[in-house]
Amino acid sequence: KILVRREAARGDVLVASAVAPALKKKYDGCKIAFYTKCPSVLTKNIYIDFVTDSTDILEEEFDLRIDLDMAYENRPTTHVLQAYADVAQVPIEDCKLYIHCERVNMPLFNNYVVVHAGITNWVGRNWSNEGWRNLALQLHDNGYQIVCVGAGGDRFVPSDADVRNKATINEVATIMKGAKLFVGIDSLPM
């Protein structure tokens, strides 16, 4: 019985969950519980037996506890997934990213780019409205349709489909699965 912990943020939790298949390989027949404040990222994850945001689980008995909070933050020159694998003591080659894809109630294009524009606290990720608009128009001129995702609507991006504030994380995963390119500000869709 193994408890894996990564409290936040959604992109970090998704990458941290990649240690679960490696743990299943290393400890045949183990059951994995995952504690996070972002449980929706792990919806129907086939490698995790139980996901919770309740701190009650932290009081339960486990054979192994793996705390991935601050794993890569404490090692800024190490790749994020390598840092998680090192803390979990599993080979990185056995780690697998997984996110459940939900059916999307919209027709998907054949040749599209997913754009997640907005404002973030990470200054290096912010673009001007004009930059986002020019990018979208250039992509469109080169034959790509634009699908906008995310929770914000802070920036104007001309698009062929706008699912901001309309699609779940798992629906966005489906949309992104068929995209030719992703351009955006957030680590979860990245």
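Let me begin by describing the structure that accompanies this report. Please read these numbers as outputs of a predicted model, since none were measured by experiment.

## What to know about the overall build of the protein chain
A count of helical and extended segments in the protein chain gives five helices and eight strands. Counting helices and strands in the order they occur from the N terminus, the protein chain gives β-α-α-β-β-β-α-β-α-β-β-α-β. Along the three orthogonal principal directions, the C-alpha set of the protein chain runs to about 55 × 35 × 30 Å. Out of the 190 residues in the protein chain, the part that is buried amounts to 42%. When contacts within the protein chain are restricted to residue pairs at least 6 apart in sequence, long-range pairs at least 24 apart make up 66% of them. Accessible surface for the protein chain amounts to roughly 10500 Å². Of this, 50% is attributable to carbon and sulfur atoms. Taken together, the 21 basic and 24 acidic charged side chains of the protein chain have centroids lying 4 Å from each other.

## Topic: the pattern of salt bridges
Taken as a whole, this structure holds twelve salt bridges when the rule is applied. The closest approach of N and O atoms between Glu-7 and Lys-37, which form a salt bridge, is 3.1 Å. Placement of Glu-7 in the loop between β1 (2-5) and α1 (10-16) and of Lys-37 in the loop between β2 (32-35) and β3 (50-52) is noted, with a sequence separation of 30 residues between them. Exposure remark for Lys-37: the relative accessible area of 53% places this residue in the exposed category.

## Section: the packing of aromatic side chains
On inspection of all chains with the given rule, the structure shows three aromatic pairs. Arranged with centres 6.0 Å apart and planes meeting at 85°, the rings of Tyr-72 and Tyr-84 form a pair that is edge-to-face. Taken together, the residues Tyr-72 in the loop between β4 (64-67) and α3 (80-88) and Tyr-84 in helix α3 connect sequence positions twelve residues apart. Measuring from centroid to centroid gives 4.6 Å for Trp-127 and Trp-132, while their planes differ by 45°, and the two rings are tilted. Judged by relative accessible area, Trp-127 falls into the partly exposed class, the value being 37%. Note on Trp-132: relative accessible area 1%, which makes it buried.

## Some details on the nonpolar core
Judged by nonpolar contacts, the single largest core of 28 residues is most densely connected at Val-4, Val-19, Leu-23, Val-41, Val-90 and Cys-95. Looking at this core, the elements with two or more residues in it are β1, α1, α2 (19-26), β2 and α3. Not counting the four nearest positions on each side in its chain, Cys-95 is found in contact with Ala-18, Val-19, Ala-22, Leu-81, Ala-85 and Val-90. With twelve residues, the next largest nonpolar core counts Val-115, Ala-117, Trp-132 and Ile-146 among its residues.

## Focus: α3
Buried residues of α3: Leu-81, Ala-83, Tyr-84, Ala-85 and Ala-88, and no others. Where the residues of α3 are buried, they touch α1, α2 and β4. One or two positions beyond α3, positive phi appears at Gln-89, with a value near 60°.

## Here's the deal with the sheet that holds β1
Read from one edge to the other, the open sheet built from four strands follows the order β3-β2-β1-β4, with strand pairing classed as parallel. Of all the strands in the sheet, the pair left with one neighbour each is β3 and β4. Strand after strand, the sheet turns through a mean of 15° between neighbouring axes, direction not considered. As paired strands, β1 and β4 are joined by four bridges and run parallel to one another. The residue of β4 that forms the bridge with Leu-3 is Arg-65.

## Let's talk about unusual backbone geometry
Cis rather than trans, the peptide bond between Ala-8 and Ala-9 has omega equal to -15°. By the secondary structure assignment, Ala-9 is in the loop between β1 and α1. The backbone of Met-70 shows a phi angle near 70°, a positive value even though the residue is not glycine. Tracing the chain through its elements places Met-70 in the loop between β4 and α3.

Here is what the cut-offs are and how they apply
Residues numbered from 1 in each chain as written. Predicted model: local features only at pLDDT ≥ 70, side-chain atom pairs only at ≥ 80, totals over all residues. Heavy atoms only, no water. Helix = DSSP H or I, 4+ residues; strand = E, 2+ residues; numbered from the N terminus. Buried < 20%, exposed > 50% of the residue type's maximum accessible area, 1.4 Å probe, protein only. Contact = heavy atoms within 4.5 Å. Areas by Shrake-Rupley, 256 points an atom, 1.4 Å probe, with all protein chains shown as cover. Lys, Arg positive; Asp, Glu negative; His and termini not counted. Charge placed at Lys NZ, Arg CZ, Asp CG, Glu CD. Salt bridge = Lys/Arg side-chain N within 4 Å of Asp/Glu carboxyl O. Phe/Tyr/Trp six-rings, centres within 6.5 Å; stacked < 30°, edge-to-face > 60°. Core = buried A, V, L, I, M, F, W, Y, C linked by side-chain atoms within 4.5 Å. Pairing = 2+ DSSP bridges. Axes fitted to C-alpha atoms, helices over the stretch in contact; angles between N-to-C directions.

It is worth stressing that arrangement in space is one thing and function is another; only the former is reported here.
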